[in-house]
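Summary of the model geometry
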Amino acid sequence: MNIDAMKLSILNYIHHFTMYDYVAYAWLTLTFFIAILLSILLAKRSIFMSILTLLFSLSILLAGPIVLKNILDNFLRPNQTNLTTYKKLTFTNVLIVDGEIINSSKKDFSLCLVNASVYKEGKNSLYKFLNKLKPFRKKSISVEKQIKVDSAQEFKIVFYDFNFDGDINVTIKSECY
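Worth saying up front: this structure is predicted, and the values here are computed from it rather than measured.

Rules used in this analysis
Residues numbered from 1 in each chain as written. Predicted model: local features only at pLDDT ≥ 70, side-chain atom pairs only at ≥ 80, totals over all residues. Heavy atoms only, no water. Salt bridge = Lys/Arg side-chain N within 4 Å of Asp/Glu carboxyl O. Helix = DSSP H or I, 4+ residues; strand = E, 2+ residues; numbered from the N terminus. Buried < 20%, exposed > 50% of the residue type's maximum accessible area, 1.4 Å probe, protein only.

**Comments concerning the pattern of salt bridges**
- Within the structure shown, the criterion is met by seven salt bridges.
- A salt bridge links D98 to K156, with the shortest nitrogen-to-oxygen separation between them at 3.9 Å. Residue D98 is located in strand 2 (residues 94–103), and its partner K156 is located in strand 5 (residues 152–160); the two are separated by 58 residues in the primary sequence.
- A salt bridge links D108 to K148; the shortest N-O distance between them is 3.8 Å. Residue D108 is found in the loop between strand 2 and strand 3 (112–120), and its partner K148 is found in the loop between strand 4 (137–143) and strand 5; the two are separated by 40 residues along the sequence.
- D108 gets classed as partly exposed once you look at its relative accessible area, which sits at 31%.
- Overall, K148 belongs to the partly exposed group, its relative accessible area being 48%.
- Each of the salt bridges in this network shares a partner with another, and the network as a whole consists of D21, K69, D73, R77 and E175.

Structure follows, in structure tokens:
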């Protein structure tokens, strides 16, 4: 994922904050500062406990927002993304990926960011895993249509200049707000 796509994803996420997001991140910040304060207070009594508390607070600072975002997305904005078909056209270098987004949350979505990754088919499970880590083509689209609760919206992603002739796999993920 390049820097601009990451920046866009973070800005979209912040723009669509709910009250639950604000409370969760405030709780995370408060926990970080309490752990730092506890680390400072423990410095005179036990250096080991102070360093352990400091490492805990740094892990809260680094891993906390990522874990918290995933938990909140699964709880507040659950959705399912199904890959319908993918086909490389015969007479042109184009790959077409069709899919659908199903809204399984309790509120309507107005924006969904869909990410598709194309990677080579591996000979065994180790090669499949390694190929998934570094896909050779990625593309993101935004679906800006109203998706009602328990309904679906179809989408299409087109990869132009797709020259690979071997076996491929396609994975798709979505974030909806």
